[in-house]
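Residue-level structure breakdown
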Amino acid sequence: MQTYLVTGGTGFIGSNFILSARREGWATIINLDKLTYASHPQTLAALSDDPGYQFVQGDIGDSDLVRTLLDTHQPTAILNFAAESHVDRSIVSPHDFIQTNVVGTFNLLETSRVYWEQLAANQKEQFRFLHVSTDEVYGSLNPTDPAFREDTPYAPNSPYAASKAGSDHLVRAYHHTYGLPTLTTNCSNNYGPRQFPEKLIPLIILNALEGKPLPIYGDGQNVRDWLYVEDHCNAIHRVLQHSCVGETYNIGGRNELTNLTVVEQICSILDELAPKPNFKHSSLITFIKDRPGHDRRYAIDCSKIQRDLGWQPNESFESGLLKTVQWYLDNSNWVEQARSGAYQTWMKQNYSDRSVESPVESRH
Ligand code: NAD
Ligand code: DAU
């Protein structure tokens, strides 16, 4: 059995990856996570008695800790999920994004390089550093532009996207300069169980259930390309197992939808699964002031990973969204913990001064 050092494994995508890895027997897992606001204590509770899973609280920027973990567990791979990940927070307070996404990734790379260089030849050959990144590094598309390919020039627009672009460049440089066996994946918007409810889909589900306004930025016509989180995790594992070193892969679900369409689909599902007499959840839709610098459209061309590695998503947007809504309905304890304390402060900070621009009827 292989051992993976997963960073940021208590967050949304990392936790889904770890659960898949343990369920499918991919590897023994060491999870290094700082436990920021975005992580959740119950997320990996199901693994508390699993001898193949170990949690370590700490920072990817702590070189001594990372080196100790590498020496102790001798992982075959590091998978770097750890990041500050919310665009709106990067606009309000970018500092942590530079610290974790750029400086933290740099420290992780440097510690990995020093460790990797002293490995025996066969271990050196086997080792991989997989960096989980985003399509936001490519910037924003116009309606008729072709989707992002691996060779699309980087043009990050938010502090978050710029920090991820910076980390991607460092990963590239560590492969090019030192030969560190790196892999980079750039994925589109994920959705699914265990996503922190600051992001669009869980926020809309939970607000709708409570009868609160469903905030849509600007005109609701911004387009995102949605992928169910388990499909992303399968793609990452396939890249780790089968890709040549130094490669980058775009991952996406070919599900381009406007934000308004996504919100309306959630409302329709809730009308079925959590009906209220004489009430349509879509009546809660509220247009609010736009996000500064809001990227208009993302779309991923995932033909390279399909062609080279035979990866395909399993979920359609309809099936994945239904599963996601059901998960939030079934996990009210998780939801309550996620929304306690600092979450309320964030909701006030991000949403209280964004007056309604125009009534929803005029947008349909
Ligand atoms: P998340 O915010 O849900 O989780 C991030 C995790 O990283 C948290 O558990 C947090 O505690 C941890 N973390 C933060 N700083 C750390 C540090 N310095 N040291 C150790 N741990 C730290 O994020 P997510 O949505 O799961 O995203 C995971 C990765 O995937 C990120 O790199 C993100 O850029 C990328 N990504 C996300 C999406 C998406 O739609 N969510 C899409 C493409 C790529
Ligand atoms: O594209 C991949 C990226 O997707 C990841 O790298 C990021 O980590 C992840 O957060 C996500 O970024 P987005 O900014 O696209 O996701 P978010 O859920 O914040 O917003 C999705 C869209 O919905 C976006 O156009 C903004 C809009 N939105 C978001 C929120 C939170 C709203 O209209 N209202 C909201 O309240």
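Residues numbered from 1 in each chain as written. Chains lettered and ligands numbered in written order. Predicted model: local features only at pLDDT ≥ 70, side-chain atom pairs only at ≥ 80, totals over all residues. Heavy atoms only, no water.

**Things to note about the environment of Tyr328**
Locating Tyr328 in the fold gives a position in helix α11 (residues 317–330). Considered as a pair, Tyr328 and Leu309 are 19 residues apart in the sequence and their alpha carbons are 32 Å apart. Contact partners of Tyr328, with chain neighbours within four places excluded, come to Gly192, Pro193, Arg194, Gln195, Pro202, Ile205, Leu206, Trp334 and Val335. (Helix = DSSP H or I, 4+ residues; strand = E, 2+ residues; numbered from the N terminus. Contact = heavy atoms within 4.5 Å.)

**Quick word on the pattern of salt bridges**
In the structure shown here, the tally under the stated rule is 18 salt bridges. Of the charged contacts in the structure, one is a salt bridge between Glu256 and Arg297, with a shortest N-O distance of 2.7 Å. Here Glu256, found in strand β12 (residues 256–258), pairs with Arg297, found in the loop between β13 (285–288) and α10 (303–309); they are 41 residues apart in sequence, far enough to count as distant. By relative accessible area, which is 39% here, Glu256 ends up partly exposed. Arg297 gets classed as buried once you look at its relative accessible area, which sits at 9%. (Salt bridge = Lys/Arg side-chain N within 4 Å of Asp/Glu carboxyl O. Buried < 20%, exposed > 50% of the residue type's maximum accessible area, 1.4 Å probe, protein only.)

**Things to note about the nonpolar core**
Proteins that are soluble and globular tend to have nonpolar side chains buried together. Counting residues in each nonpolar core, the largest one holds 38 residues, and the members touching the most others are Ile201, Leu214, Ile266 and Phe317. Mapped by element, the contributors of at least two residues to this core are α7 (200–209), β8 (214–217), α9 (259–273), β13, α11, α12 (332–338) and α13 (342–351). A per-element tally of this core places α9 first, with seven residues. Discounting chain neighbours no more than four positions away, the residues touching Ile266 are Ile201, Ile204, Ile205 and Leu321. (Core = buried A, V, L, I, M, F, W, Y, C linked by side-chain atoms within 4.5 Å.)

**Digging into the site of ligand 2**
Every one of the 24 residues lining ligand 2 counts as a neighbour, but Asp135, Tyr160, Arg291, His294 and Tyr351 are closest to it. At 2.7 Å, a side-chain N or O of His294 approaches an oxygen atom of ligand 2. At a separation of 2.6 Å, an oxygen atom of ligand 2 approaches a polar side-chain atom of Tyr351. Here ligand 2 loses 95% of its free accessible area of 690 Å² to cover by the protein chains. When contributions to the shell around ligand 2 are tallied by element, the ones reaching two or more residues are α7 and β8. At three residues, β8 tops the list of elements feeding residues into the shell around ligand 2. Grouping the amino acids of the shell around ligand 2 by side-chain chemistry returns ten nonpolar, eight polar and six charged. (Near = heavy atom within 4 Å. Polar contact = N/O pair within 3.5 Å; in protein donor to acceptor, adjacent residues only side chain to side chain. Areas by Shrake-Rupley, 256 points an atom, 1.4 Å probe, with all protein chains shown as cover. Nonpolar A, V, L, I, M, F, W, Y, C, P; charged D, E, K, R; others polar.)

**Here's the deal with the site of ligand 1**
Ligand 1 sits among 28 residues. The nearest are Ile13, Asp33, Ser85, Tyr160 and Lys164. Take Asp59: an N or O atom from its side chain is 3.0 Å from a nitrogen atom of ligand 1. Contact distances for ligand 1 include 2.6 Å between an oxygen atom and a side-chain N or O atom of Tyr160. In the complex, the protein chains occlude 97% of the 830 Å² of accessible area that ligand 1 would expose alone. When residues of the shell around ligand 1 are traced back to their parent elements, those giving at least two are α1 (12–24), β5 (128–134) and α6 (159–178). Among the elements that make up the shell around ligand 1, the one with the highest residue count is β5 (three residues). Residue composition of the shell around ligand 1, grouped by class: eleven nonpolar, 13 polar and four charged.

**Concerning the side chain of Asn222**
Following the sequence through the fold, Asn222 ends up in the loop between β8 and β9 (223–225). Polar contacts involving the side chain of Asn222 include one to the side chain of His294, which spans 3.3 Å. There is a polar contact of 3.0 Å between the side chain of Asn222 and the backbone oxygen of Asp295. Each residue touching Asn222, except ones within four places of it in the same chain, is listed here: Tyr217, Leu257, Thr258, Asn259, His294, Asp295 and Arg296.

**Focus on the packing of α1 against helix α8 (residues 229–242)**
α8 packs onto α1 with a crossing angle of 65° between their chain directions and a minimal axis gap of 9 Å. In terms of orientation, α1 lies roughly perpendicular with respect to α8. Classified by chirality, the crossing of α8 by α1 is right-handed. Here Phe12, Ile13, Asn16, Phe17, Ser20 and Arg23 of α1 come into contact with α8, specifically with Val229, Glu230, His232, Cys233, Ile236 and His237. Looking at side-chain class alone, the contact of α1 with α8 contains six nonpolar, four polar and two charged residues. (Axes fitted to C-alpha atoms, helices over the stretch in contact; angles between N-to-C directions. Parallel < 35°, antiparallel > 145°, perpendicular 65-115°, else oblique. Left-handed = near helix turned anticlockwise from the far one by under 90°.)

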